[in-house]
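Structural features, examined
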Amino acid sequence: MPPPDNFLALLFAVLVILFAGAVMFYTIVQDPLRFTRLERLAYCYPLGLAALAMPMFLMSWAGFHIWVLPVLTFIGFVAVTAYAIRRISPATLWKRNPQAVPMETFTEFEWFLLLIIVGCLVVRTLTSLAIPLNDGDGHAIWCFKAKILYFDTIRTTDYFTRNELSYSHTRYPLLVPLMYAWVSTVVGHWDDMGIFILNPINLVAFAILLYCTLRKFAARPVALMVTAILSSLPALMHYAECGQADVPLMLISGSALFCLFDWIQSRRMSSIVLSAFLIGGALFTKEEGKILFGAHALVAGLSIFIAAPRSEHKRLLGHLGLYLIIGFLWIIPWLIFQRTIPVGEEQFRPVTFSNIRWDQIPTLCHTVFQNAMRLYNGFGLPKWNFLWPIIVLFLVVSKAPRFYPYNCLVLVFILHASAVSLVWICTTDSLTLEANEAGWERYTLIMMPPILLVFGKCINEWWCLWKALRIGENQ
């Protein structure tokens, strides 16, 4: 585990990320009391990742090392500017909503579910801080870049121009490496163990946001149940601590989806602006962020024509246009720089009609089925338990997936899965599960946020029916 003398520095690095996110939240959200205090705090973390990564990239691209003082100065400047414009006390961020209904006492079943959630998250935290990096991709793709960004700058290093280093995917986005470099910068030296303090926070923040989002339409036991399933998912055990970018992408894109789902229902501008900044962070986390951006934008546009009155179309299309502009502007510096990086030996070919391997579609379908149904992967580690058959069962027997707005979530999942499948169909790689099982597990984790919300709604549907039957029997 990190040495005790590093703990305060590591804590400070995390608090700066949270503070940057709090400034973003204060700037964007006009009515913070509609979020619970725990939810506000959880949103600050992915917002902070998205808000800090791009300025750090620009700083490094300009030839400056990532230093603590300039980062704090930048955050302070934005905070002062936001206050000068809004003139609302920042203390409102942490006030309790006076109209909130007092929380009822937990039942024994709810305490049991909470114990599962807390226990699993504590174990994830301890393993993340106690186990050295032992993942090949985590080292070669993400932590290797982080070390370069700590000791050098994007402007002065020749890393991005050397074709012999293309094995480490030099064209991959840099949010995760920059955040690892930030932690080491605060510590004052490269810290192979300390940088992983971010890994469990990714999972804790996502679990909180998932629970809070579920509570907006599901009973508390149902929200706790789905959160417990997520927290105890075996496939998350390795990927939450391995130094790769998939769980951070699940967090940031999932947060963006939760905000977009709120906009689909409420049409509040602040919700779609929050979603836009978060999806900008997702674009800077992995190349898969482009797929997510497209899927979210398409579903948001369809929701306008499916459910909104015609008189509202112009206003809501304006919201959607703002969403697209913010997301694109936030990532455009990276896209410009990415075009200067030489293209080495690429794993993925362009998605064109001529590159589609039609004869491999049955193999791909079989691989997807195997990935969902196998209890253990090729490394002997447990995967999903019986989660996917259970989810499919609930989707089939429940009403919610067929009706608005939950059909929008199903469509996000389908679009995302279809796009990933299409990309792989166009490669020259083998599509068998044995050839890339770890990859398919990671893609599945990133796809989970929308389906977890629909799953929670389905369970709540049957939970309410069961409660009604019990009440009827007792009368």
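Residues numbered from 1 in each chain as written. Predicted model: local features only at pLDDT ≥ 70, side-chain atom pairs only at ≥ 80, totals over all residues. Heavy atoms only, no water.

Another aspect to go through is the overall build of the protein. Along the protein, the regular secondary structure elements total 17 helices and zero strands. What you see for the protein is a C-alpha radius of gyration of 22 Å, in line with the 23 Å of a compact globule of 475 residues. With respect to the principal axes defined by its C-alpha atoms, the protein has extents near 75 × 60 × 55 Å. Relative to its full complement of 475 residues, the protein shows a buried share of 53%. Summarising the internal contacts of the protein: among those between residues at least 6 apart in sequence, 81% fall at separations of at least 24. Approximately 21,100 Å² of the protein is accessible, and the part contributed by carbon and sulfur atoms is 68%. Charge centroids of the protein, computed over 34 positive and 28 negative side chains, lie 12 Å from each other. (Helix = DSSP H or I, 4+ residues; strand = E, 2+ residues; numbered from the N terminus. Rg over C-alpha atoms; globule rule 2.2 N^0.38 Å. Buried < 20%, exposed > 50% of the residue type's maximum accessible area, 1.4 Å probe, protein only. Contact = heavy atoms within 4.5 Å. Areas by Shrake-Rupley, 256 points an atom, 1.4 Å probe, with all protein chains shown as cover. Lys, Arg positive; Asp, Glu negative; His and termini not counted. Charge placed at Lys NZ, Arg CZ, Asp CG, Glu CD.)

Let us now look at the side chain of Ser-184. Tracing the chain through its elements places Ser-184 in helix H6 (residues 175-187). We classify Ser-184 as buried; its relative accessible area is 0%. Apart from the residues lying within four places of it in its own chain, the contact partners of Ser-184 are Tyr-150, His-189, Trp-190, Asp-191 and Ile-195.

Under the criterion given, the structure shown has 15 salt bridges. Its salt-bridge partner being Asp-31, residue Arg-34 comes within 3.1 Å of it at the nearest N-O pair. Looking at Asp-31, the relative accessible area reads 32%, which means it is partly exposed. Residue Lys-290 is joined to Glu-287 by a salt bridge in which the shortest nitrogen-to-oxygen separation is 3.2 Å. On the accessibility criterion, Lys-290 (38% relative accessible area) is partly exposed. (Salt bridge = Lys/Arg side-chain N within 4 Å of Asp/Glu carboxyl O.)

Once that is clear, we can look at a nonpolar patch on the surface. Taken together, the side chains of Val-392, Leu-393, Val-396, Val-397, Trp-462, Leu-465 and Leu-469 define a hydrophobic patch exposed on the protein surface, amounting to about 650 Å² of accessible area. In terms of residue count, helix H15 (residues 387-397) provides more of the nonpolar patch than any other element does, four residues in total. The topology assignment puts Val-397 in helix H15. Overall, Val-397 belongs to the partly exposed group, its relative accessible area being 42%. (Patch = residues over 30% accessible without salt bridge, like charges linked within 9 Å, V, L, I, M, F, W, Y side chains within 5 Å.)

So, about the packing of helix H7 (residues 198-214) against helix H10 (residues 246-266). Where H7 contacts H10, the two axes come as close as 9 Å, and the packing angle between them is 25 degrees. Accordingly, the angle class assigned to the pair H7 and H10 is roughly parallel. The two elements H7 and H10 meet at a crossing, and its hand is left-handed. Here H7 contributes Asn-202, Leu-203, Ala-205, Phe-206, Leu-209, Leu-210 and Thr-213 to the contact with H10, which in turn contributes Val-247, Pro-248, Met-250, Leu-251, Gly-254, Ser-255 and Phe-258. Across the contact of H7 with H10, the residue classes tally to ten nonpolar, four polar and no charged. (Axes fitted to C-alpha atoms, helices over the stretch in contact; angles between N-to-C directions. Parallel < 35°, antiparallel > 145°, perpendicular 65-115°, else oblique. Left-handed = near helix turned anticlockwise from the far one by under 90°. Nonpolar A, V, L, I, M, F, W, Y, C, P; charged D, E, K, R; others polar.)

The space that makes up the largest pocket amounts to roughly 1,200 Å³. Listed by contribution, the elements that provide at least two residues to the lining of the largest pocket are helix H2 (37-61), helix H4 (108-130), H7 and helix H8 (220-231). At six residues, the largest contribution of residues to the lining of the largest pocket is made by H4. By residue class, the composition of the lining of the largest pocket is 19 nonpolar, six polar and ten charged. (1 Å grid on protein atoms, 1.4 Å probe; cavity = no way out; pocket = protein on both sides within 12 Å on 5 of 7 lines; lining within 4 Å. Points joined across faces, edges and corners; volume = space filled by probe spheres on them.)

Here we take up empty space enclosed by the protein. Enumeration according to the criterion identifies three cavities of 30 Å³ or more in this entry. Its boundaries defined by the atoms lining it, the largest cavity holds a volume of some 70 Å³. Taken together, Tyr-45, Leu-49, Leu-175, Val-176, Met-179, Tyr-180, Leu-198, Asn-199, Asn-202 and Pro-248 make up the lining of the largest cavity. Mapped by element, the contributors of at least two residues to the lining of the largest cavity are H2, H6 and H7.

One broad trend across soluble globular proteins is that nonpolar side chains are buried collectively. Within the largest apolar cluster, 150 residues are counted, with the highest numbers of intra-cluster contacts made by Trp-182 and Phe-284. Not counting residues up to four positions away in its chain, the partners in contact with Trp-182 are Ala-13, Val-16, Ile-17, Met-56, Ile-66, Trp-67, Val-68 and Val-71. With twelve residues, the next largest nonpolar core counts Ala-417, Ile-425, Trp-440 and Tyr-443 among its residues. (Core = buried A, V, L, I, M, F, W, Y, C linked by side-chain atoms within 4.5 Å.)

A few words now on H7. Compared with the 24 Å implied by 1.5 Å per residue over 17 residues, the 24 Å span of H7 between its first and last C-alpha is a close match. Counting buried residues in H7 gives 14 out of 17 residues, a clear majority hidden from the surface. (Expected span 1.5 Å × (residues − 1).)

Viewed as axis vectors pointing N to C, helix H12 (residues 288-307) and helix H13 (residues 313-338) meet at an angle of 170 degrees, and their least axial separation amounts to 10 Å. Here H12 is positioned roughly antiparallel relative to H13, judged by the angle of their axes. The residues of H13 that touch H12, namely those facing Lys-290, Phe-293, His-296, Ala-297, Ala-300, Gly-301, Ile-304 and Phe-305, are His-313, Leu-316, Leu-317, Leu-320, Tyr-323, Leu-324, Gly-327, Phe-328, Leu-335 and Gln-338. Tallied by class, residues from the contact of H12 with H13 come to twelve nonpolar, five polar and one charged.

The next thing to look at is the environment of Leu-113. Topologically, Leu-113 is positioned in helix H4. The exposure class assigned to Leu-113 is buried, which follows from its relative accessible area of 5%. In this structure, the C-alpha to C-alpha distance between Leu-113 and Val-222, residues 109 residues apart in sequence, is 9.8 Å. Ignoring anything within four residues of it in the chain, the contact list for Leu-113 reads Pro-221, Leu-224, Met-225 and Ala-228.

So, about the environment of Phe-7. Mapping Phe-7 onto the fold places it in helix H1 (residues 4-28). We classify Phe-7 as partly exposed; its relative accessible area is 49%. For the pair Phe-7 and Ala-53, spaced 46 residues apart in sequence, the C-alpha to C-alpha distance is 22 Å.

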